[in-house]
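These are the residues of each chain, in order.
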Amino acid sequence: MNFRNKYVLAIDQGTTSSRAILFNHQGTIITLAQKPFQQYFPKPGWVEHDPNEIWYTQSSVIKEAMAKADVTDSHIACIGIANQRETTIIWDRETGFPVYNAIVWQDRRTADYCEELKSQGWAERILQKTGLVIDAYFSATKIKWVLDNVKGIRERAERGELCFGTVDTWLVWKLTRGAQFITDVTNASRTMLFNIRTLQWDQELLDLFTIPASMLPQVKACSEVYCETSTPIFKKGIPVSGMAGDQQAALFGQLCVEDGMIKTTYGTGCFMILNTGKEPVLSQNNLLTTIAWKLGDQTTYALEGSVFVGGAVIQWLRDGIGLIPNASITEQMAKSVYDNGGVYFVPALTGLGAPYWDQYARGAIIGITRGTTAAHLARAALEGICYQVYDVLTAMENDIHAKPKEIRVDGGAIANNFLMQFQSDICRYPVVRPNVLETTALGAAYLAGLAIGYWKDIDELKEQWCLDKVFNPQMKEDTARKLLNEWHKAVGRSQNWVE
Ligand code: ADP
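Here the structure is a predicted model, which is why all the values come from computation and not from measurement.

Judged by side-chain polarity, Trp316, Ile321, Leu349, Ile365 and Ile368 come together as a nonpolar surface patch covering roughly 410 Å² of accessible area. Along the chain, Ile321 turns up in the loop between helix H10 (312–320) and helix H11 (329–335). For Ile321, a relative accessible area of 45% puts it in the partly exposed group.

Written as structure tokens, this is what we have:
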């Protein structure tokens, strides 16, 4: 096939916006279009999206990205999808109408039920099968909530009239006007219903959560031609040939394709994911085991740890207390002081994620003296992001009994050079910032392009990988150790705060 003048369309369906990006054969962005959509907070701790709005915004940015590049269908070689994970949509198989809003991964409405499951002793069995810690985060308890709480839904589900899908499944359904009901292994591995060893939906877990198997999509690999589109967006059918959850797609986009390679995304939260190769590694340190991707018959596994508040702490400095006019000024402020002046900021604003998993922790700023300035606070906030990432990284090293070579980074906050340098100083690793920052979309594009031969193989992709900057440790090791020691004291003060 001749791919000259052809592009790969990446769909990057995120938590707050839908994006579409066209990549060329060099893996360079041609055009990008993005639309935010409404977040619904019906009650404290509840977060919902309108599945139809997800689709409308997504289809409109696809059209916009193509129009901006002045291309038609015949220029699109294939489509790859990366999506917000765990978010749960249930719809009618006949009409395609959702029966309830999408329940978003952040939604905590099933937290009490999760506590019940833990007290019934399910944690170990669920960990062994799914690689996951029991938590409201994952789809299983959200599906059960809809079946139990929306009138008439359980009966309809039992009659086989309803479909469940994560956002990938919903988008493929819409792109094919209901002809395809599929997901991929990475998204399946975040439902808490999927056995990551057998790569099958798990009947014992379906029984536990009282979910009829007929609701579940067929599970596919991450890079294969699943179907062709049949939506009015395109005049002709375009192959849909790549799918992965957003964090896995970013790992692939960063080309962390060898055992032991690691990437961290610095966005609202920080997401660290480590390629552990062909066997699942179960964590002894409260990390999640998940599927990185499946290419052909080969499954690759990963360890994952999430920090809930990363860049969001900078947002809070700006919007919450008005200490700074914009995020980027924190770099200058942090560099304007010799050190943190003894101030530590534990950004446990919504509790602490991995490896602490303490939902009762709250934010703490400690070590304040008369000499403390706004610059020290800004610096302490940036340092706090890095210390949290250090803690997840240490948990990973302890699980795999090895040290990765470097940390590859992406996400909005990596523009901050102080943050990157400090991360390297604390972790004692090279921190590697690539040229293409849209690694999630790039990963989806790569998966799709590989399936149709747009790119020959992973080696060809490796040749495209382009470095922006490497940050190497400069701080003395003793100093780093002292800072970490004080950080851990500060974490102790923030833990178990609310009753
Ligand atoms: P998301 O995809 O989670 O919405 P992004 O990857 O767009 O997040 O990153 C935005 C986050 O990064 C925000 O929380 C913002 O406060 C933070 N951020 C952006 N630029 C900087 C900067 N120069 N220094 C520190 N933090 C930043």
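Picking up after the structure, the text goes on.
A word on the packing of helix H9 (residues 246–253) against helix H14 (residues 439–452). Closest axis-to-axis distance for the H9/H14 pair is 7 Å, and the angle between their directions is 75°. What the angle tells us is that H9 and H14 run roughly perpendicular. Contact residues: Asp246, Ala249, Ala250, Phe252 and Gly253 in H9; Thr439, Thr440, Leu442, Gly443, Ala444, Tyr446, Leu447 and Leu450 in H14. Split into classes, the residues belonging to the contact of H9 with H14 amount to 8 nonpolar, 4 polar and 1 charged.

So, on to the side chain of Ser241. For Ser241, the position within the fold is in strand S14 (residues 239–245). In this structure Ser241 comes out as buried when scored by relative accessible area, which is 0%. Among the polar contacts listed, one links the side chain of Ser241 to the backbone oxygen of Ala448, at a separation of 2.9 Å. Setting aside anything within four residues of it in sequence, one finds Ser241 in contact with Cys78, Ile79, Cys222, Ser223, Glu224, Val225, Tyr226, Leu447, Ala448, Ala451 and Ile452.

Here we take up the pairing of strand S5 (residues 76–83). Working note: regular strand, side chains alternate between the two faces of the sheet. Summarising burial for S5: 8 of the 8 residues are buried, a large majority. Pairing analysis gives 7 bridges linking strand S1 (residues 7–13) to S5, with the strands arranged parallel. Within S5, the position partnered with Gln13 by the bridge is Asn83. Sheet topology places S5 next to S14; 5 bridges connect them, and they run parallel. In the strand pairing of S14, Asn83 is matched with Gly245.

Conventions used here
Residues numbered from 1 in each chain as written. Predicted model: local features only at pLDDT ≥ 70, side-chain atom pairs only at ≥ 80, totals over all residues. Heavy atoms only, no water. Patch = residues over 30% accessible without salt bridge, like charges linked within 9 Å, V, L, I, M, F, W, Y side chains within 5 Å. Areas by Shrake-Rupley, 256 points an atom, 1.4 Å probe, with all protein chains shown as cover. Salt bridge = Lys/Arg side-chain N within 4 Å of Asp/Glu carboxyl O. Helix = DSSP H or I, 4+ residues; strand = E, 2+ residues; numbered from the N terminus. Buried < 20%, exposed > 50% of the residue type's maximum accessible area, 1.4 Å probe, protein only. Axes fitted to C-alpha atoms, helices over the stretch in contact; angles between N-to-C directions. Parallel < 35°, antiparallel > 145°, perpendicular 65-115°, else oblique. Contact = heavy atoms within 4.5 Å. Nonpolar A, V, L, I, M, F, W, Y, C, P; charged D, E, K, R; others polar. Polar contact = N/O pair within 3.5 Å; in protein donor to acceptor, adjacent residues only side chain to side chain. Pairing = 2+ DSSP bridges.

These results come straight from atomic positions and should not be treated as a statement about function.
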